[in-house]
Amino acid sequence: MSTKKVTKAVFPVAGMGTRFLPATKSVPKEILSLVDRPLIQYAIDEARAAGIEEFIFVTSRGKSALEDYFDVSPTLEASLKASGKDELLQILGTTNMDDGRIAYVRQHRALGLGHAVWCARRLIGDEPFAVMLPDDVIAADKPCLQQMVEAYEETGGNVVAAMEVPTERTKSYGILDVAEDMGDMVRVKAMVEKPKSNPPSNLAVIGRYILTPEVLNTLDRQETGAGGEIQLTDAIAREIETSNNVYGFRFKGQRYDCGSKAGFLQATVAFGLARDDLRDEFSHFLTDVVAAQKLAQ
Ligand code: G1P
């Protein structure tokens, strides 16, 4: 299928991160780090791997540390160069963006995820685009967004990342109503944002989307949904009615909910153990901690 290439990604980062207070009092939650990389860096690296060339941040008051993070730091670079710390210089390079490839737009009022994406409409224009929620960190051999771009190239429709969750967790997610299950892909016949009861399935939307620009037209209407917010889920669901081209994609990989403390800790352990420079020491430590805890019980 011939589709327009996906080159733009929207990162909704306007949330206040209250679940992590006081840590997030003066630091955006997207700067909180798993081992030594901020959550936002994981999202950017995944986007780059998927061929994204333009990065659109939807921010809010108190998020300027994010802009500084992606800026060059001449003093730091000069000092690392002078002391021959080439490896660190290289790592620092991953935080730099090509000129004009990163843009920030403010969401002035916290009206929901759909509204946040709508705030970026002029920067998105009339092309397909990705949305990435940095709270959802996904460890995968092939980066999740890259898997989704491939799925999008096959279908040409809207593609949302999907994962089975236990029934009692369905009320925390957008949930898919499945018309046809094709294995990795499902054709979606409806979507419900955070169903309080009777979820249509256990297949939950995870924070990676590839969307067609028509979704923005629906968001223009500013209709509110669950929790009184303008929901992205509802705008995507409307595409089912108008063009029947919404797919859920069961990505391959492990997702960590870094919007919750437990998920953040789990990701920290997993990413720590995945690091060659930390694995031995860290796994010994974990073994000892678990053994000591068992003894104490
Ligand atoms: C958002 C979406 C929801 C999705 C979830 C994935 O909810 O609205 O549909 O399932 O992200 O993490 P939030 O967790 O921001 O409330």
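Before going into details, it helps to say that this report is about the structure given with it. Just so it is clear, the structure is predicted and the values come from calculations on it, not from any experiment. (Residues numbered from 1 in each chain as written. Predicted model: local features only at pLDDT ≥ 70, side-chain atom pairs only at ≥ 80, totals over all residues. Heavy atoms only, no water.)

**Side note on the overall build of the chain**
So, point 1. Within the chain, the secondary structure is distributed over 11 helices and 13 strands.
So, point 2. Computed over its C-alpha atoms, the radius of gyration of the chain comes to 20 Å, within 12% of the 19 Å expected for a compact globule of 297 residues.
So, point 3. Taking the principal axes of its C-alpha atoms as reference, the chain extends roughly 60 × 55 × 40 Å.
So, point 4. Here the chain holds 297 residues, and the buried ones make up 46% of them.
So, point 5. Taking the contacts inside the chain whose residues are at least 6 apart along the sequence as the reference set, 75% of them involve residues at least 24 apart. (Helix = DSSP H or I, 4+ residues; strand = E, 2+ residues; numbered from the N terminus. Rg over C-alpha atoms; globule rule 2.2 N^0.38 Å. Buried < 20%, exposed > 50% of the residue type's maximum accessible area, 1.4 Å probe, protein only. Contact = heavy atoms within 4.5 Å.)

**Thoughts on helix α10 (residues 261–273)**
Helical geometry note: an α-helix holds 3.6 residues per turn, so side chains three or four residues apart project in the same direction.
So, point 1. The end-to-end C-alpha distance of α10 is 18 Å, a good match for the 18 Å that 13 residues give at a rise of 1.5 Å each.
So, point 2. Turning to α10, its buried residues number three or more, namely Gly263, Phe264, Ala267, Phe271 and Gly272. Mapping the buried residues of α10 onto a view down its axis gives an arc of 160°, with all of them on the same face. Away from the buried face of α10 by more than 90 degrees, exposed residues Lys261 and Leu265 are located.
So, point 3. At its buried positions, α10 is contacted by β2 (33–34), α1 (39–49), β7 (136–139), β13 (254–257) and α11 (279–296). (Expected span 1.5 Å × (residues − 1). Arc of directions from axis to C-beta.)

**Brief notes about the nonpolar core**
So, point 1. Grouped together as the largest cluster of nonpolar side chains are 37 residues, with contacts concentrated most on Phe11 and Ile210.
So, point 2. Elements with a minimum of two residues in this core: β1 (8–12), α1, β4 (54–59), β6 (129–132), α7 (144–155), β8 (158–164), β11 (203–211) and β12 (246–250).
So, point 3. Discounting chain neighbours no more than four positions away, the residues touching Phe11 are Ile40, Ala43, Ile44, Ala47, Phe55, Ile56, Phe57, Val58 and Met132. (Core = buried A, V, L, I, M, F, W, Y, C linked by side-chain atoms within 4.5 Å.)

**Points about the pairing of β11**
So, point 1. Burial runs high along β11: nine of the nine residues are buried.
So, point 2. Relative to β11, β6 is paired through four bridges, and the arrangement is antiparallel. Counterpart to Phe129 in the pairing with β11 is Leu211.
So, point 3. Pairing geometry for β8 and β11, over six bridges, is antiparallel. Residue Val160 lies in a different strand from β11, and its bridge partner there is Tyr209. (Pairing = 2+ DSSP bridges.)

**Side note on the pattern of salt bridges**
So, point 1. Here the structure, examined in full by the defined rule, presents 19 salt bridges.
So, point 2. Between Asp277 and Arg275 there is a salt bridge whose closest N-O contact spans 2.9 Å.
So, point 3. Its relative accessible area of 54% is what places Asp277 among the exposed residues.
So, point 4. Arg279 is the partner of Asp276 in a salt bridge, and the nearest nitrogen-oxygen pair spans 2.8 Å.
So, point 5. Classification of Asp276 by relative accessible area gives exposed; the value is 66%.
So, point 6. Counted as one network, the salt bridges with shared partners bring together Asp36, Arg275 and Asp277. (Salt bridge = Lys/Arg side-chain N within 4 Å of Asp/Glu carboxyl O.)

**Observations concerning the packing of aromatic side chains**
So, point 1. One pass over the structure, following the stated rule, counts eight aromatic pairs.
So, point 2. Considering the side-chain rings of Phe11 and Phe57, the 5.2 Å spacing of their centres and the 25° angle between planes classify their relative orientation as stacked. Placement of the pair is Phe11 in strand β1 and Phe57 in strand β4, with a sequence separation of 46 residues.
So, point 3. Assessed through its relative accessible area of 0%, Phe11 is described here as buried. (Phe/Tyr/Trp six-rings, centres within 6.5 Å; stacked < 30°, edge-to-face > 60°.)

Any functional reading would require information that these geometric values do not contain.
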